[in-house]
Amino acid sequence: MRQEILNVVVGSLNPVKINAVQTALSSLFPDHQVQCHGQDAPSLVADQPMSADETREGAINRVLYCQQQTESHEAADFYIAIEGGVDNFEYGPSTFAYVVVDNGERQSVGRTSILPLPKSVYQALEQGEELGDVMDNLFNTRNIKQQGGAIGLLTNHQQTRQSVYHQALILAMAPFLHPDLYQ
């Protein structure tokens, strides 16, 4: 039996983000063959977003860019972007990511859990460094942002960027799984 293809454009070339989308959608649509295509999509925000609003805006911008690039040919079933950022909340600095899913008819915005950050890490980010680079220096790793990320390092690898992205994607897909409830 031939499986129906679900065509997905991910607004990033980062393998962690692409794999998170692939595994999340494959689990939600087991009767489909999920084909994820990464696309370099600008966020139009800082390389290290420093607020929840800026982070969400970056994810939305990536989705919009991907949609604009495919207007001249066949549209994807879903356009998905994940943007990681930080913010200094009343309870302290934390990192998280926003997830945006769009099928051309509706858009859903979700967010990962937050990970508290050490104040020294947040201070380095305020000085213009990116979280992945700060974590690489702190833990003597290389390109951790395309692996387990700060999440993996600070949780002793009990969670990773991909695992929290996966959960956020599943949650953000609810309006597409039950469209009649999300009028």
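Residues numbered from 1 in each chain as written. Predicted model: local features only at pLDDT ≥ 70, side-chain atom pairs only at ≥ 80, totals over all residues. Heavy atoms only, no water.

Asker: Just checking my understanding: could you explain the packing of aromatic side chains for this structure?
Answerer: In this description, an aromatic ring pair is defined by two values, namely the gap between the centres and the angle between the planes. Taken as a whole and assessed by the stated rule, the structure comprises 5 aromatic pairs. Ring geometry for F78 and F176: centres 5.3 Å apart, planes at 85 degrees, overall edge-to-face. Taken together, the residues span a long stretch of sequence, with F78 in strand β3 (residues 78-89) and F176 in helix α7 (residues 174-177) at a distance of 98 residues. Each member of the pair F78 and F176 is classed as buried. (Phe/Tyr/Trp six-rings, centres within 6.5 Å; stacked < 30°, edge-to-face > 60°. Helix = DSSP H or I, 4+ residues; strand = E, 2+ residues; numbered from the N terminus. Buried < 20%, exposed > 50% of the residue type's maximum accessible area, 1.4 Å probe, protein only.)

Asker: Sorry, what's going on with the pairing of strand β5 (residues 107-111) here?
Answerer: Every other side chain in a regular strand lies on the same face of the sheet, so the side chains alternate between the two faces. Side chains S108 and G110 project from β5 onto a buried face, and the interleaved Q107, V109 and R111 project onto a face without burial. Direction of pairing for strand β4 (residues 92-102) relative to β5: antiparallel, over a ladder of 5 bridges. What sits directly across from V101, in β5, is S108. In textbook terms, the turn of a hairpin is the stretch between consecutive antiparallel strands, and for β4 and β5 this stretch comprises 4 residues, one of which, G104, has a positive phi near 90 degrees. (Pairing = 2+ DSSP bridges.)

Asker: Looking at this structure, I do not really get the nonpolar core. What am I missing?
Answerer: Most often, soluble globular proteins have nonpolar side chains that are buried together. Formed by 39 residues in total, the largest nonpolar core has its most connected members in V8, V21, L25, F78, V101 and L169. With 6 residues, the top contributor of residues to this core is helix α1 (residues 15-28). In terms of nonpolar packing, the next biggest core, distinct from the first, is built from 13 residues, A59, V63, C66 and Y98 among them. (Core = buried A, V, L, I, M, F, W, Y, C linked by side-chain atoms within 4.5 Å.)

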